[in-house]
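Summary of the model geometry
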Amino acid sequence: MAEKRYKKLKTAAELQQLMQWHYASARYLRLGRPLAWVTSGAPVEILRAMQIAVLYPENYTALCGARHLASSLCQVAEAHGYSQDLCSYARTDLGSAFDPAHAPMQGLPKPDLLIACNNICGTVVKWYEALAGYYHVPLFVLDTPFVHDQLQDSTLYYVVAQLEELIRFIERATGHRLDKARLSKIAHVSNETTRVWGEIRALCKARPSPLNAPDLFVNMAPIVVLRGANSALRFYRHLQAEVEQRVRLKVGAIPEEKHRLLWDNIAIWHHLYRFYNLFVDHGACFVVDTYTGGWAHAVPEGEPLPGIAQAYTSIFLNQSLQYRVEWMASLIREYGVDGFVMHCNRSCKPYSLGQYAVRRAVMERTGVPGLVIESDQCDARTYAEEPIRTRIQAFIETLEART
Amino acid sequence: MQSPLPLADSDLLAWIADPYREWSQRFPRRRAFGYLCTYAPLELLHAAGFAPVRIMQSSGVLALAEAHLPTFSCALARTTTEQMLRGKLDFLDGVLFTHTCDTLQCLADIWRLAAARFPVLTFSLPTVLEGEAARIYLLAELQRLVDTLEATFGVRITPNQVRASIAPYNLQRRLLAELYARVEHLSALQVWSLSTVGMLLPVEEHNALLQRFLDSLPKATRHPRSGPALLAVGAIVDDPLVPRLIDELGARLVSDDLCTGSRCWDTLVDEEGDPLSALANRYVRRAPCPAKHAPGQSREERLLGLVRTKGVQGVLFVQLKFCDPHAFDYVPLSQALDAAGVPHLLLESDASVSAGQVRTRLQAFVEMLGSGR
C-alpha cells in the first residue's frame, strides 16, 4: 500500500475516533440542540457558546473526495443544473443533499440554520444560498470585506456589527441565548488549540521534518471542525507530544529527506497519498504548507467580538496576493525550503487565479523555484497522473541541479 | 450594418470594436479612468476630473495573459489582462477594481503584481447589500475612495463636485431608460450599440448622442416590430453577435438583466442631501448582481416581473464560462422560469464556442418560440 511509505502516527486512531464521534454526535446525540452547517472560516466560537451543534460541509466533502465518492456526487449536482466549472466542494455537497442515499453516511443530517462567512471565497455565499433554498432554512451571511491594502477600522466596525446581528439571528432562529462567560472560555480553548497547532507546524522546521503535507492535511480536521472544543485541544496536545518525540529521535516523515518543499493550496483529496508519493519517491518532503496555516491564527485577547472580527477578517485568503507573497517568502526562509509546489485548483479561484503572479514574485524574492500543477481538490475527473509525474520529475531535476 | 447616427463621422460599431486605440486623440482634453464592473462609483471618478471608461473584452490572440492566469479564468479576466500587458490600456490614468466576484478580487492584485503602468485602485464594497451596518460601511468605503483619489492624483473632491457629477449620470440613466422604453421600434443591435457605447464615451458625449437619437425618432407610432420577445439575462454582452443574431432571426430583445445592460442604469441617485449617502443608497436599492447577497431583493421575482411586464416569451441566459456567481444563479432562475412555463436557453460564451454554434442554437430556440411550440 502507498501509505506504507509514511510513518504512521500513533495518534491516528485517536483522530479517527474523534472525527467519528464528531459526525455521530451531530446525528444522534444532539440532545435537542439545533444544527448549523457552517463554512470553514465561520466564527464557530459564537455558535459553540450558544449551544448550537455544527457541521462543516467542506470537511465532509473532502472526506467524500478521499473516499472517491465526490465525482459521482458532483454529477448529481450537475444533473440539477450546476455547471461542472463550479467548486467541487459545493457540487459534492449539493449532490449529497439531493441524493443522500448515494453519499457517505447517507449525507449530513439536515441543518436547522446555515452560516456562511465569505472570508474564504464568494462561492460559499452562492453555495449556501442554494442550500437555504433547498432546505428552506434561514441563512446568515457574515461579510468580511476583502483586504487589498490595510485592514480598515470601518471594516472592523462593520464585522463587529454583523457578529452582534449573528447572535440575534441565532437567538431568533433557535431561542438559544449567548452566554458571554462561556464565549470567553471557548475563545480561550480555541486560542490554545490554534497555538498548539501552530507549534506542531513549527516543529517541521527540524531536519528531517517529522511531518509531510498529507499528515498536516489529515490532522487539520479537528482544528477546523472542533475548534473551541476541549476534545480537539486534548488531541493536539497528544499529537504535539508525538511529533516532539520524532524531532528528538530525528525520525523523519519520509524515509530519506533530500528536498524540503512548501505546498500551496488545498489538497488533492482523491489522490492524497498517491500524489504525494510521487514526491516521496524522490526524497521530497513538504515540510510546510499555506492551507493548514489558515487555522493557526489566534483571536486577540480582550473583548471577544472585536477580537473575533479581527481574526476572521485577517485570514490569509481574505488578504491580498502581495500579503501571500510576503508570507510564503517568510515560510520558505523559516522552514529552510528548497522549492515550492502550487496546486492550481480549478475549484478555488481566490486561492488559484493569482498563483502565477505569486509564483513569479516569490521566486524573485527568495530565489527558490516553484512548480504549478493544475488539478482539482475533489473532482477526480480532472486528474491526469502522467503529465503530473513528468512535471514533478523535471522539477526535481531542477532542484537537484541546484544542490 | 449602418448605424443610424454616426459618431463624429465614424461608425458606432467600429468604435465599440476598438475603442481604446484612439480614445486620447478623440478626446484630447479628457483624462480616462478604467473600470470593469457596474458597481464602480462613476460619479466619484467623474468628480475627480476623469472620464470613466469601461474595460471590455477583446478578441484576438492571447499570448501574454497566459503567463498570468490559469486556463479556468473567465475570458473577461484573460482578455483584459492581455490588453493591459500589451500596453493597450496605457491611455488610462488609473483603473478602479470594485469588489464583486472572486475573479475581480484576484485580478486587482494580479495587475498590481504585474506592475500595470497606472495606479490600480480598489473599492471593497460590501457583499451584503442590506441593513444599516452595510450602509455605514459602504459610506466609509466611498469616503476612502474619495481620499485615495485625492491623495493619488492631487485633486480635491468636494460634495458640490460630486453633486455636479451625479447630474449627468442621472441624465444618462433617464435617457437609457427612455431608449429601452422604445425598443419596440428599434433593432436589438441599435439598442445594444447605443447603450454599450455609453460605457466607452465621456458621459456628456453619450448623453448628447442619446438625446439626438431619441429626438430623431418619430413621435407617432409606426408599426411595432413583431417576432418572439426575448429577454437577455447574465453577465457581459460586449460583442454584437447576440443582438445581431436576434435581429437576423426575426426576434425582438425587449429588455435585459445584464452587467452591460439595465443593471448599469436601473436606479437614479438622489440629487438632494449628502451626495455620498445618495450614492450609497443607490447601491442598496439597485438590482443586485449575483455576486451580491441581498435576500430582500429576489432575483427570481425580479426576473418573473420582467417576463410579465415586458411580455417576454423566451429568456436567453448569456454567461461567461467560469463565471461562478452567474452559473450558480442560473439554477434557481431557470427553475423559476420552468415553474412559470417560460422557455429559456443557456448561451455560454468561451473561446471554444463559435459564432456558428451560437447561431444554430439561437435559431432553433427562436423557431421553437415562433411556432408556439
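Preceding this section is the structure that the text describes.
Residues numbered from 1 in each chain as written. Chains lettered and ligands numbered in written order. Predicted model: local features only at pLDDT ≥ 70, side-chain atom pairs only at ≥ 80, totals over all residues. Heavy atoms only, no water.

1. As for the sheet that holds strand 1 (residues 31-35) of chain B
Residue and element names in this part refer to chain B. Using the following cut-off: A pair of strands is treated as paired once DSSP finds two or more bridges between them. Secondary structure is summarised from DSSP: a helix means a run of H or I of at least four residues, a strand means a run of E of at least two, and numbering begins at the N terminus for each. To obtain each axis, a line is fitted to C-alpha atoms, and for helices this fit is confined to the stretch in contact; angles are then taken between N-to-C directions over 0 to 180 degrees.
Overall, parallel pairing links the four strands, which are arranged 2-1-3-4 in an open sheet. Where the open sheet ends on each side, the last strands, each with one partner, are strand 2 (50-54) and strand 4 (120-123). Going from strand to strand, the sheet's axes swing by 30 degrees on average, the running direction of each strand aside. For strand 1 and strand 2, the ladder comprises five bridges, and the chain directions are parallel. Looking at the pairing, Phe33 lines up with Pro52 of strand 2.

2. Details of helix 16 (residues 355-366) of chain A
Residue and element names in this part refer to chain A. Short version of the rule: To estimate how far a helix should reach, multiply one less than its number of residues by 1.5 Å. A simple rule labels every residue: compare its accessible area, found with a 1.4 Å probe on the protein chains alone, to the largest value its type can have, and call it buried under 20%, exposed over 50%, or partly exposed in between. Note that the arc is computed from the directions linking the helix axis to the C-beta atoms.
A rise of 1.5 Å per residue sets the reference length of helix 16, with its twelve residues, at 16 Å; its end C-alpha atoms lie 16 Å apart and thus fit the reference within 8%. Buried within helix 16 we find Gln355, Ala357, Val358, Ala361 and Val362. On an axial view of helix 16, the arc spanned by its buried residues comes to 155 degrees, and they lie on one face. One or two positions beyond helix 16, positive phi appears at Gly367, with a value near 75 degrees.

3. A few points about unusual backbone geometry
Residues and elements named next belong to chain A. Cis peptide bonds are those with omega within 30 degrees of zero, and the linkage from Arg207 to Pro208 qualifies with -5 degrees. By secondary structure assignment, the location of Pro208 is in the loop between helix 8 (180-203) and helix 9 (213-219). Phi is positive for Met105, close to 55 degrees, though the residue is something other than glycine. As for its position among the elements, Met105 is in the loop between helix 5 (88-98) and strand 3 (113-117).

4. Structural notes on empty space enclosed by the protein
Here is the rule: Two kinds of site are reported from a 1 Å grid over the protein atoms alone, namely cavities, where a 1.4 Å probe fits but cannot get out, and pockets, open sets with protein on both sides within 12 Å along at least five of seven lines, and residues are called lining when an atom falls within 4 Å of a point. Grid points are joined across faces, edges and corners, and a volume is the space filled by probe spheres set on the points. Residues are grouped as follows: nonpolar covers Ala, Val, Leu, Ile, Met, Phe, Trp, Tyr, Cys and Pro; charged covers Asp, Glu, Lys and Arg; every other residue, Gly included, is treated as polar.
Overall, the coordinates contain eight cavities of 30 Å³ or more when judged by the stated rule. Here the largest cavity is characterised by a volume of approximately 490 Å³. Forming the walls of the largest cavity are 44 residues, and the residues nearest its centre are B:Thr100, B:Cys101, B:Asp102, B:Ala291 and B:Pro325. When residues of the lining of the largest cavity are traced back to their parent elements, those giving at least two are helix 6 (123-135) and helix 15 (349-352) of chain A together with helix 5 (102-113) and helix 13 (324-340) of chain B. Looking at the lining of the largest cavity, its residues break down into 24 nonpolar, 13 polar and seven charged. By volume, the second largest cavity amounts to about 400 Å³. In terms of lining, the second largest cavity is formed by 36 residues, of which the most central are A:Ser40, A:Gly41, A:Ile120, A:Trp295 and A:Ile315. Sorting the residues of the lining of the second largest cavity by element identifies helix 6, helix 8, helix 13 (304-313) and helix 15 of chain A as the ones contributing at least two each. Residues belonging to the lining of the second largest cavity are distributed by class as follows: 19 nonpolar, eleven polar and six charged.

5. Side note on the packing of helix 5 of chain A against helix 6 of chain A
All names here are of chain A. What counts, and what does not: Angle categories: roughly parallel below 35 degrees, roughly antiparallel above 145, roughly perpendicular from 65 to 115, and oblique for all the rest. Should any heavy atoms of two residues lie within 4.5 Å, those residues are counted as being in contact.
Interhelical geometry of helix 5 versus helix 6 gives an angle of 5 degrees and a closest axis separation of 10 Å. Overall, the two elements helix 5 and helix 6 adopt an arrangement that is roughly parallel. Here Tyr89, Ala90, Asp93, Leu94, Ala97 and Phe98 of helix 5 lie close against helix 6, whose contacting residues are Trp127, Ala130, Leu131, Tyr134 and Tyr135. Classifying every residue of the contact of helix 5 with helix 6 by side-chain character gives ten nonpolar, no polar and one charged.

6. Describing the packing of aromatic side chains
Remark: the centre distance and the inter-plane angle together describe each pair of aromatic rings, the angle taken between the planes. Under the convention used in this document: Pairs were defined over the aromatic rings of Phe, Tyr and Trp, the Trp ring being its six-membered one, requiring ring centres within 6.5 Å. Orientation was assigned from the angle between planes: stacked under 30 degrees, edge-to-face over 60, tilted for the rest. Distance and angle both matter: a charge sits over a ring if NZ of Lys or CZ of Arg is within 6 Å of the ring centre and within 35 degrees of the ring normal.
Applying the stated criterion across every chain, the model contains 36 aromatic pairs over all chains. Ring centres 4.9 Å apart and planes at 75 degrees place the aromatic pair A:Phe98 and A:Tyr134 in the edge-to-face group. Of this pair, A:Phe98 sits in helix 5 while A:Tyr134 is found in helix 6, placing the two residues 36 residues apart along the sequence. For A:Phe98, a relative accessible area of 17% puts it in the buried group. On the accessibility criterion, A:Tyr134 (38% relative accessible area) is partly exposed. A ring pair is formed by A:Tyr134 and A:Tyr135, whose centres lie 5.1 Å apart and whose planes are at 75 degrees; its orientation type is edge-to-face. Taking the relative accessible area as the measure of exposure, A:Tyr135 reaches 12% and is therefore buried. In this structure, B:Arg286 packs its charged tip against the face of B:Tyr39, placed 3.8 Å from the ring centre.

7. As for the nonpolar core
Heads up, the condition is: Nonpolar cores are built from buried Ala, Val, Leu, Ile, Met, Phe, Trp, Tyr and Cys residues. Side-chain atoms within 4.5 Å join them into one set.
One finds A:Ile115, A:Phe217, A:Phe275, B:Trp111, B:Leu149 and B:Leu316 to be the most contacted residues of the largest nonpolar core, which totals 275 residues. A total of nine residues in this core trace back to one element, the largest contributor, which is helix 7 (residues 153-174) of chain A. Ignoring any residue separated from it by four or fewer positions in sequence, one finds A:Phe275 in contact with A:Trp263, A:Ile268, A:Ile373, A:Tyr383, A:Ile388 and A:Ile392. Ranked by size, the runner-up nonpolar core spans 14 residues in total, among them B:Leu231, B:Leu303, B:Leu306 and B:Val315.

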